[in-house]
Amino acid sequence: SSVSQPAQVYFKNCQARIASLLSVMRLHCVVGFTALFASGIETLPNCTTPEDDSGLKTAMTSLTLSNMCKHHDPPMEDADFVQQCETFCSVGGKQVGLPLVMGTTTFGFDHTQMKQLCMGDSGDDVPRYNESEVEYCEDRSDALSLISRRVAQFVSAVQVFKEEQRALRAKMQYEVGELQTELRSADFQRQMDKEVDKIEVLRDTFREFRQEATGTGQAEFKSAMDEVKSSGDLLKKVMDESLQLFSEFLDNCNTMFLSVGSQNEFLLDICAQANEACVDAEGAAHVGCCCAVNPVTAGTAKIDGISELLELDASVDRRLQATSTDVCAEARELAKDAVADAQQRVRDFGSESLLQEQEAAMRDAYPEYSEKCGGGRRLEDLAGSRSREPVDDRPEPPPAADSRRAAVCEPTVDKATGLKVAITARSEDAMCKHGTPLTDDDMVEQCAKFCEPDGVQLLMGSATYGFSLDDAGSVCLPGPDQVLDHNATHIAECEKNSQAFSRVEVRAALLIARLEEFAAARLFYTAEVSVAVQELQDFVRSDEFNVKMDKAVDKMALFRSEIRKRIVEGLAASAGKQRLLSSMEALKAPSEALKLSLEVDLEKIRVFTEECNDLYLAPGPNKEFILDICGQGNEACFSDPKSLRVSCCCAKNPLANFGDGRQHLVNGITMFDEAWVAGGRRLQQENSSDSVVLDVCAEAWTAARPAVEQTWQDIADIGHAATVQAYLGEMKTSYGDSYCSFTLEGHDFEDSASSAVQTGVVWLGVSGLAMFMVREI
């Protein structure tokens, strides 16, 4: 009961925070209470602050009211003033603004002088007070955060989709294996022995396979594709709503505004310096603090103010989110469970090789990213990779007199489609069972070779039955009873629309890269502000300045002139300021490009997924649609209606390779040593099995790396490597291993990230020693 009411409130707040803070903070809190109680509170009673119509408030601490600066035990020093000011001016617990300490142990100011400095009286003052402009910037400060979060959700959906796409390919490979097992089974062989119309039995079997491959077996894949579309729609919506606001924010809010806290407090009265007069009294000389914050670098125009020592409200969390979202780390966190589930299904289907191939492709395409982050081809490689044409590396065929093959059976061309029959040296040498006999396994192997890497093998025939080209063509070519679809115009439209996906990815990657560069530029400018503040503080405490202040009649005018020279003029053309301006400008074009791509390409993605989910004939790069493997029942040429031959054609579902950029999904005869199509030439498809690897986050990281690492180096060069370290600590705390850092030679930021976070916690604990009281001006 002997403890004053303010002390009781303070101690209660301390108890509420103890449960969630480190033990070192508990110690500071108890020490703080003891100091307040021992020194006695409110030894400077009856101090009030002047009334003002602006609504701005002045905050006082228990230290302000309990004693003069030099009469505290121990006396308050310049470092204590700086510490309290930095706490008051923090944004989400971080130093991203300009804390202005007004006064030292040797001089102070009254309230009118402090207000004059803090509120400014010209457009280029620092800080600059304009309530309507601050409100304008606050209304737009969330725009970048909203865009970043929606981009992260879209990228997350893309990551899950690609893994589900891989799982779909694994499932199809598994089902193809099951199909081949069924076709080679004793039961199926007995059924075929009994059937008169064998090709109809085979067509029915393939139709059932087609139904499963494009229907119920795609539930997870279709769900992932729906999520890509819905998250894309949400991204488009937020781009429509927020992009203009973000552009206005960049253009109009790159200014050091006077900042206020959640209770509208703009000024902190720290302590009385020269006498016991209240800060608004005539002849008063107090040490005070106000804050200048650039909304573009801080993400807000609001400071923590006294809330840092009270319960943090939702607005603080919002500001933290606004300045600390890493798009790709956020995307990985959102996607990681679904990605792990899809990858496990790939393994369950026995297709671990698909995951290994992806890892190898990533290492080849993005070696630095893969080494650093475990994961992505360069933008400049994409166009060339997608437009690559097959290379003719085979000489003219030998004259007919030197080749029995050309004289015996010529490969034919389907007149309706222009598609070609392919033959190999083995198909001309002898029947399946003559010479070196071809077993059923050998036939499956040749069919798989023809359809690699991503075609679905449809083997027609075995050691016990075969078909003519007309019968086999009824499976592969369009017709009344077609099994596979082949509409050249429709397929071309599907291929055209499939590229919409990669266009969105490329534009998203470029925007993310520019966001990374913008985040680095923010850090650089913040570090430069810190350097300028430190230089100002050092100069203000110097003998040179104190001599000037002793002589000055208008001490505030002298103080303001030094602020203008060292802060306003010093930062006006600084490297960090220019880097910030250029990175702001660089954000606009990719933002608009992504917005435009979403407007155009989301509809194409929708059309593709709804109209191209089927099994289509998959010709090779030479237009070869069917491989004549060998004669099973006679020696007649494949084109003879009476022939009985084993053959193979390939199917594809475009969804399984949506957006990978390849023109041909099967190798055809390009992988055979000796194989022909009509015309006697073989076109060799260069790197036909390699899809165009595009990983959004790997692409963004690689594109941003030079600029970000140069900026980090510039920050280190001005003595503020700790700024990068603190940022990295925040990212690691928020995202763990999902965050992929950049590197800087000579600075192991990652190993010291945890210590940076702990240092921040201790700093907050030390700063929580004083109780704040808020009074209106």
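Our structure's up above, just so we're on the same page.
1. Topic: the nonpolar core
- Counting residues in hydrophobic clusters, the biggest one holds 164 residues, and the most contacted among them are Met460, Phe559 and Ile626.
- For this core, the element with the most residues is helix α21 (residues 488–540), which contributes 25 residues.
- In this view, isoleucine 626 contacts Lys420, Val421, Ala422, Phe450, Met460, Leu469, Ala472, Cys476, Phe638, Ser647, Cys648 and Cys649; residues no more than four positions away in its chain are not counted.

2. Some thoughts on the environment of tyrosine 616
- With respect to the element layout, tyrosine 616 can be found in strand β8 (residues 616–617).
- As for tyrosine 616 and leucine 477, which are separated by 139 residues in sequence, their C-alpha atoms are 9.6 Å apart.
- If we skip the residues at most four places from it in the chain, tyrosine 616 touches Leu484, Asp485, His490, Ile491, Cys494, Glu611, Cys650, Ala651, Lys652 and Pro654.

3. Let's talk about the pattern of salt bridges
- Tallied over the full model, the rule gives 36 salt bridges.
- One salt bridge in this structure joins lysine 162 and glutamate 505, with 2.6 Å as the shortest N-O distance.
- On the basis of relative accessible area, glutamate 505 is assigned to the buried category, the value being 1%.
- Between arginine 345 and aspartate 341 there is a salt bridge; the shortest N-O distance is 3.1 Å. Remark: aspartate 341 and arginine 345 occur in helix α13 (residues 327–348); sequence separation between them is four residues, near one turn of the helix.

4. Here we look at the packing of helix α10 (residues 219–252) against helix α24 (residues 575–611)
- As a packed pair, α10 and α24 sit with axes 9 Å apart at the nearest point and diverge in direction by 155°. Taken together, α10 and α24 sit at an angle that is classed as roughly antiparallel. Helix-helix and strand crossings are classified by hand; for α10 and α24 the assignment is left-handed.
- Broken down by class, the residue content of the contact of α10 with α24 amounts to 12 nonpolar, four polar and 10 charged.

5. Details of unusual backbone geometry
- Of the consecutive residues aspartate 73 and proline 74, the connecting peptide bond is found in the cis state with omega at 0°.
- Backbone torsion omega between glutamate 452 and proline 453 reads 0°, so that peptide bond is classified as cis.
- Mapped onto the fold, proline 453 is located in the loop between α19 (440–451) and β7 (456–460).
- Of note, the phi angle at asparagine 264 is positive, near 70°, even though the residue is not glycine.
- Of note, lysine 623 is a non-glycine position whose phi angle comes to about 70°, a positive value.
- Secondary-structure assignment places lysine 623 in the loop between β8 and β9 (624–631).

6. A short note on the packing of helix α7 (residues 143–184) against α13
- Interaxial distance between α7 and α13 falls to 8 Å at its minimum, and their mutual angle equals 15°. Taken together, the axes of α7 and α13 are roughly parallel relative to one another. Of the two elements, α7 crosses α13, and the hand of that crossing is right-handed.
- Tallied by class, the residues present in the contact of α7 with α13 amount to 14 nonpolar, five polar and six charged.

7. Section: the packing of aromatic side chains
- A full pass over the atoms with the stated rule returns 12 aromatic pairs.
- Ring centres of phenylalanine 107 and phenylalanine 559 lie 6.3 Å apart, and the angle between their planes is 65°; this geometry places the pair in the edge-to-face category.
- Of the residues examined, phenylalanine 107 reaches a relative accessible area of 5% and is grouped as buried.
- With a relative accessible area of 1%, phenylalanine 559 lands in the buried category.
- Considering the side-chain rings of tyrosine 465 and phenylalanine 467, the 5.7 Å spacing of their centres and the 70° angle between planes classify their relative orientation as edge-to-face. We note that tyrosine 465, like phenylalanine 467, is buried.
- What links up through ring pairs into an aromatic cluster is the set Phe107, Phe109, Phe539, Phe545 and Phe559.
- The side chain of lysine 449 reaches across the aromatic face of phenylalanine 672, ending 4.7 Å from its centre.

Rules and cut-offs
- Residues numbered from 1 in each chain as written.
- Predicted model: local features only at pLDDT ≥ 70, side-chain atom pairs only at ≥ 80, totals over all residues.
- Heavy atoms only, no water.
- Core = buried A, V, L, I, M, F, W, Y, C linked by side-chain atoms within 4.5 Å.
- Buried < 20%, exposed > 50% of the residue type's maximum accessible area, 1.4 Å probe, protein only.
- Helix = DSSP H or I, 4+ residues; strand = E, 2+ residues; numbered from the N terminus.
- Contact = heavy atoms within 4.5 Å.
- Salt bridge = Lys/Arg side-chain N within 4 Å of Asp/Glu carboxyl O.
- Axes fitted to C-alpha atoms, helices over the stretch in contact; angles between N-to-C directions.
- Parallel < 35°, antiparallel > 145°, perpendicular 65-115°, else oblique.
- Left-handed = near helix turned anticlockwise from the far one by under 90°.
- Nonpolar A, V, L, I, M, F, W, Y, C, P; charged D, E, K, R; others polar.
- Phe/Tyr/Trp six-rings, centres within 6.5 Å; stacked < 30°, edge-to-face > 60°.
- Lys NZ or Arg CZ within 6 Å of the ring centre and 35° of its normal.

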